Amino acid sequence: MEYNHRAIEQKWQKFWADNQTFKASNTSTKPKYYVLDMFPYPSGAGLHVGHPLGYIASDIFARYKRIKGFNVLHPMGYDSFGLPAEQYAIQTGQHPAITTAANISRYREQLDNLGLSFDWSREVRTSDPEYYRWTQWIFMQLFDAWYNKASDRAEPIRSLITHFETRGSVDVLAVSDEDTVTFTAAEWAGFSAAEKQRELLKYRLAYLRESTVNWCAALGTVLANDEVINGVSERGGYPVEQKKMMQWSMRITAYAERLLTGLETVDWPEPLVEMQRNWIGKSIGASVRFAVPSLAPDAAIEVFTTRVDTIYGVNCLVLAPEHDLVSQLTTAEQQAEVEAYIAHTGKKSERDRMADVKTVSGAFTGSYAEHPLTGKEIPIWIADYVLAGYGTGAVMAVPSGDQRDYLFSMHFGLPIIPISDAQQLDGQADPTKAGRYINSDIINGLTYHEAIDVLIKKLEATGAGEATINYRMRDAIFGRQRYWGEPVPVYFKDGFPQLIEVSELPLVLPEIDKYLPTESGEPPLGRAGDWKYRGQFDYELSTMPGWAGSSWYWYRYMDAHNSDALVSPEAVNYWQAVDLYIGGSEHATGHLLYSRFWNKFLKDLGYVPEEEPFKKLINQGMIQGRSSFVYRVLDTDGKGTNTFVSYGLKDQYTTVPLHVDVNIVSNDVLDIEKFRQFRPDFANAEFILENGKYNCGHEVEKMSKSKYNVVNPDDIIEQYGADTLRMYEMFLGPLEQSKPWNTNGIEGVYKFLRKLWKLFHDAEGNFSVSHGEPDRAELKALHKIIKKVAEDVERFSFNTSVSSFMICVNELTDLKCNKAAILQDLCIVLSPYAPHITEELWALLGNAPGTLSEAAYPEFNPDYLVESEFSYPISVNGKMRMNLSLPLSLETVEIEQAVLANPDVQRYLDGKPVRKVIVVKGRIVNVVI
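Conventions used here
- Residues numbered from 1 in each chain as written.
- Predicted model: local features only at pLDDT ≥ 70, side-chain atom pairs only at ≥ 80, totals over all residues.
- Heavy atoms only, no water.
- Phe/Tyr/Trp six-rings, centres within 6.5 Å; stacked < 30°, edge-to-face > 60°.
- Helix = DSSP H or I, 4+ residues; strand = E, 2+ residues; numbered from the N terminus.
- Lys NZ or Arg CZ within 6 Å of the ring centre and 35° of its normal.
- Polar contact = N/O pair within 3.5 Å; in protein donor to acceptor, adjacent residues only side chain to side chain.
- Contact = heavy atoms within 4.5 Å.
- Core = buried A, V, L, I, M, F, W, Y, C linked by side-chain atoms within 4.5 Å.
- Buried < 20%, exposed > 50% of the residue type's maximum accessible area, 1.4 Å probe, protein only.
- Expected span 1.5 Å × (residues − 1).

Enquirer: Account for the packing of aromatic side chains, naming residues and giving values.
Expert: According to the stated counting rule, one finds 66 aromatic pairs in the structure shown. Ring centres 5.6 Å apart and planes at 50 degrees place the aromatic pair tyrosine 33 and phenylalanine 61 in the tilted group. Here tyrosine 33, found in strand 1 (residues 32–37), pairs with phenylalanine 61, found in helix 2 (residues 53–67); they are 28 residues apart in sequence, far enough to count as distant. One residue, arginine 204, lies across the ring of phenylalanine 143, its end atom 4.0 Å from the ring centre.

Enquirer: Describe the side chain of asparagine 619, listing the residues and the values that go with them.
Expert: Within the secondary structure layout, asparagine 619 lies in strand 23 (residues 614–619). Among the polar contacts listed, one links the side chain of asparagine 619 to the backbone oxygen of glycine 583, at a separation of 3.1 Å. Among all residues touching asparagine 619, those that are not within four sequence positions of it are Pro269, Leu272, Gly583, Gly584, Ser585, Leu735 and Glu736.

Enquirer: How would you explain the nonpolar core if you had to name every residue and give the values?
Expert: What tends to happen in soluble globular proteins is that the nonpolar side chains get buried as a cluster. Residues Phe139, Met250, Trp598, Met727, Trp741, Leu756 and Tyr833 are the most contacted members of the largest nonpolar core, which totals 181 residues. Among residues more than four places away in sequence, those in contact with phenylalanine 139 are Ala206, Trp248, Met250, Phe478, Val488, Pro489, Val490, Leu499 and Met544. Membership of the second largest hydrophobic core comes to 47 residues, among which are Val303, Val326, Tyr341 and Ala451.

Enquirer: Before we move on, can you summarise helix 18 (residues 591–604) with the specific residues and values?
Expert: Since one α-helical turn is 3.6 residues long, residues separated by three or four positions face the same way. With 14 residues, helix 18 extends 20 Å from end C-alpha to end C-alpha; this agrees with the ideal 20 Å at 1.5 Å per step. Where burial is concerned, most of helix 18 is hidden: 13 out of the 14 residues are buried. Of the residues one or two after helix 18, glycine 606 is the one with positive phi, at around 85 degrees.

Enquirer: Describe unusual backbone geometry, with residues and values.
Expert: Residue leucine 505 is joined to proline 506 through a cis peptide bond whose omega torsion reads 0 degrees. Positionally, proline 506 belongs in the loop between strand 19 (496–499) and strand 20 (532–533). At aspartate 152, a residue that is not glycine, the phi angle is positive and equals roughly 55 degrees. Mapped onto the secondary structure, aspartate 152 falls in the loop between strand 3 (145–148) and strand 4 (153–156). Residue class for aspartate 152 comes out partly exposed when judged on its relative accessible area of 44%.

Structure (structure tokens):
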């Protein structure tokens, strides 16, 4: 019987599906292990061979943990809301739900073909109303919560209202907007309902306020920072401008310190941890207030600085163009210049502004502030290198100590004041903290650490500042002006947002005629005719962002069909948190940060037990494309001919390289007939060959359709099988590293599986195993792989295991081993990597079909790896003659006797007397004659 991968793989994939082999139990007595992949957005293109890398790795680990005795939860679902489906709907009129369902069907087919051991009974789709009802429910909890600094956790808004009713705003320690008002309990009681709602919005963790956003008119929606590149939308390349809009936001800043300290408790890649640390951006410094008496007697501009020691070097204040005070500060003489500058800045994203360190620009407002320590007038400018969302949106410019301030001051001719006797201002700023201060009044002659204490005390004494901690991270914009997303469960009464009743969830997306904003500029939901709450109140027309449904989905897998709760206490207390999470590093400051935020919030309210959702995280590398090239010969005028020269001969001609479909290239040799069919203009192509072949050039690039280097896993599975693809993807290199896809090497893995198959069959192809006792050499080969695979899988070194499997099968083949005792354990050890062929062989060995995943991983016995013999190199007069295997237990005298008694050694002695025998035990024997 030949190894028929197609029949075997289809058989076992059907068996696993019919028998729900990988369905996890929430009540098992086994120890639990939760393996999770970042679930995919189902695009219309389907999977290419780069996509399954992480899925295969997680599947190997999940299968390994099962045979190690764990109850494994390994689920899969789809992040199925998203802009691509909506854009397709806009172009074609087809409802995004139809497109999404078709794409999911294609993904499911491809995932099943890989033999992945997912528990499909728990599948989730974020666009399913039965799923997003709980996304909406979480939003409602956030809306009805505030962050109590005193208890350092979120609490129901009811507790804040009770505080207001009994004590007013006194002693309230909360994360809130800056413009909260002070009031007594009696004054609170006298507030109108609207006044109370307005004040509570300043405390809610989900709140509505005017924010500066990335507005893309062409897409008709707000974009997240990571969706904007070089001032245009990542999808479509449309212009994006900074715009102020009423937007839903999440007060993630309340959790900044917990998000930071939580990174110390998880096993994540250090580069990713550092990305989150930088994004959170904790800074210890001081808040300083510069009075602006021209606005009002108590008016001031507040700045945050980590270098309060440089305060005497301030030559101006620089505000973000979006700063709330800019319009009030701008004088009539400067108005035209300032407005033009603001309009110009509005075309840039914040990311572009941060990245552009070369361009210097700005505008003077015409107003001045007072230096808090000297009383001197300080001019107030605006410039795009200051961001409204970082700190207070204003900085004190110190050109002697900051390079951007230095360039700004040089450009606009502002004075530069040296403040340290250690500074060397030779064409650039000098941020050194060395030396002692000069030109700095009360801190002259002091060192950095001495000066900080003096200045903080002075600022606090005068009410002009205080020590403070700042975070770079800003609250997360939550609304999107799109159709294909979760409706926000809010309606408006008297202009204020109100939650719908929990019993009315899910708030389902209404049908609309087309998926564009309305003619009056409202989001697409504005097209829903009579879509009103209880027929009377307007619903929120924005939908939730893409990250909403992915910020809690691992909990729904624990209890996917619970219609009464997000997750039951029994299920969440059993599974606790994700033990292993695999996905891309591109989600470091998006999904992973928001997920941690929502997780901590749900813990605060008692719905989940764990502070951190993902205990261990691995970022899989990218599988890059290996592009193939043909070389078109150019004529004397530099125009392309229809002649193509093989790679090794191209330097003899003037040529231009062209990408060619990698699927018509094998081992770098072009299929000429398929090439002629590749494009109509190549139908009559001529070829200059090498040794009768056309050899292509190659280059490693990103896998994309435009480079014709996309490889469909379905084609590989059809030709070689899923087990081959799984092992080959692991064989390409370490999981965390990026590596090029190269089909040239896949044949070796396929040959390995056929060689494995032959161990179980005789020369005629009949299944044939022996039930005799294994000898020591066979046991040694087996136990080496038992030990190696266990070590490799636990440290996620899957590529080295594949090599070891090949060595093991070669050794057993050389030993002509067909012992059932050896081969059965080999099946178990190999099963996580090649599940289909091992299931088939397991059943042929007489085991009940489908029980391989329940088998116990073989116990490693180190005794079988202890060497009992050594092959001694035997030298005669220093010249190596032969090797002689002797027991390691022999003493020196016994080794000497055995060597001299050996007939082959005697032949080399040629009857001459032996003068001396030098024995180095376990190393070498030298006979001197």
